[in-house]
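# Structural features, examined
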Amino acid sequence: MRLPFLRHAMPMLLAALLLGACHGKDEAAQAGGSTPQAALQASIDLLKAGDFDRLWKHALPPADYANLRADWSLQQRDARPISAADRARFHEAMQKLGGPDAAARLYAELQPKLAAMEQQYKDQLPMLVSVGEAMLKSAVAQSRTLSEAQKTQADGVLDVLLPWARQTPWFDQARAQQAVGVAVATARQLDLKDPDQLHAMDFDATMGKYAVAWGGLKRLLAIYGLSVDDTLDSVKLTPLSNDNGHAVVKIDYTLLGKPLSTEATLVQENGRWYSEDLLQNARQSHRQLQQAATASAPASAGSAVTKD
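Presented here is a report on the structure given in the accompanying data block. Here the structure is a predicted model, which means the values were calculated and not measured.

## Brief notes about the overall build of the protein
Along the backbone of the protein there are 13 helices and four strands. Of all 308 residues assigned to the protein, the portion counted as buried reaches 38%. For the protein, contacts bridging at least 24 residues in sequence account for 66% of all contacts bridging at least 6. Surface summary for the protein: the accessible area is close to 17000 Å², and the carbon and sulfur share equals 56%.

Structure (structure tokens):
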């Protein structure tokens, strides 16, 4: 992904959408929602469908969505050249995933490795997860971008996901075979011939590839017992306040059978409702990108001057 805002905001957007739903519905193609609840519900519908272009169009006011698309083109223009090593790794991966009988061949390669890894790491896995837990919780606690409420919510999610990671049979042969099949099917559906194709894709084409990858990720997680759609379907939303263009909602949901809750703030602009955090993040990213482009312009202009 070339746009810093998308790289950093996509996890935040997905997390926010995993936590939001309601009973009212708006037309998903509209920007924002007529109510805070309707805004979240339309986002849930688009996320489940993997319609990321319309998701961003709905989640941002029209001017901010236009900036997002323009910033994407700017980042694409300034993308880092593809190295020979990157190109070689890409072609090797695509040949393995897209060749004849790819699923069978990859599983045949993976099967003995899984058995060896199970012998080597099965007893160590709980300790490794515990180390990861300490690192993740430390990162959350020290984050300068998360609010205290967001830190509390992140800790709650980690308290559910980490026990799942300890108990999940990662070395199970049957599940591994299913996972390989999903990976191969997803790679074929992505239909990426070379890394230059990634650089050449416009915003709309890239959002389409995101949709394919998102669908594959959901299927992979489901194989190991984590259903994203079940979490989305479990959400219950209770409005807490709505005053002077700001609304706060309580969000109750179930993750891996464990009940969790958080709160979200939405703001009203031109009669429509949007996530306050997402809107602030989008605008900050746009400002930073414009400032960087302005700062580099004199240098670029100077380098083009030649002496007589």
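## Quick notes on the packing of aromatic side chains
Enumeration over the complete set of coordinates arrives at six aromatic pairs. Measuring from centroid to centroid gives 5.9 Å for W72 and F203, while their planes differ by 85°, and the two rings are edge-to-face. Here F203 lies in helix α11 (residues 203-223) and W72 lies in helix α4 (residues 62-77), a separation of 131 residues in the sequence. By the burial criterion, W72 is buried, and F203 matches it. Clustering of aromatic rings is evident, with ring pairs tying together F52, Y210 and W214.

## Comments concerning α4
Here α4 spans 23 Å end to end across 16 residues, near enough to the 22 Å set by a 1.5 Å rise per residue. Along α4, the residues classified as buried are D64, Y65, L68, D71, W72, L74, Q75 and Q76.

## Observations concerning the side chain of T168
The topology assignment puts T168 in the loop between α8 (148-167) and α9 (173-190). A polar contact is formed between the side chain of T168 and the backbone oxygen of W164, at a distance of 2.6 Å.

## Quick word on helix α7 (residues 125-142)
One turn of the α-helix equals 3.6 residues, which is why residues spaced by three or four share an orientation. The end-to-end C-alpha distance of α7 is 26 Å, a good match for the 26 Å that 18 residues give at a rise of 1.5 Å each. Those residues of α7 that sit buried are L125, V129, E133 and V140. Seen from one end, α7 has its buried residues packed into an arc of 80°, which puts them on one side. Seen from the buried face of α7, the exposed residues on the opposite side, beyond 90 degrees, are M127, M135, A141 and Q142. Next to the buried residues of α7 lie α6 (102-121) and α8.

## Focus: the pairing of strand β1 (residues 236-243)
Walk down a regular strand and you will see the side chains alternate between the two sheet faces. Judged from the seven bridges that link them, β1 and strand β2 (residues 246-255) form a sheet pairing that is antiparallel. Residue pairing in the sheet places K236 in a bridge with D252 of β2. Between β1 and β2, which pair antiparallel and follow one another directly, the connecting turn spans two residues, one of which, N244, has a positive phi of 55°.

Calculation criteria
- Residues numbered from 1 in each chain as written.
- Predicted model: local features only at pLDDT ≥ 70, side-chain atom pairs only at ≥ 80, totals over all residues.
- Heavy atoms only, no water.
- Helix = DSSP H or I, 4+ residues; strand = E, 2+ residues; numbered from the N terminus.
- Buried < 20%, exposed > 50% of the residue type's maximum accessible area, 1.4 Å probe, protein only.
- Contact = heavy atoms within 4.5 Å.
- Areas by Shrake-Rupley, 256 points an atom, 1.4 Å probe, with all protein chains shown as cover.
- Phe/Tyr/Trp six-rings, centres within 6.5 Å; stacked < 30°, edge-to-face > 60°.
- Expected span 1.5 Å × (residues − 1).
- Polar contact = N/O pair within 3.5 Å; in protein donor to acceptor, adjacent residues only side chain to side chain.
- Arc of directions from axis to C-beta.
- Pairing = 2+ DSSP bridges.

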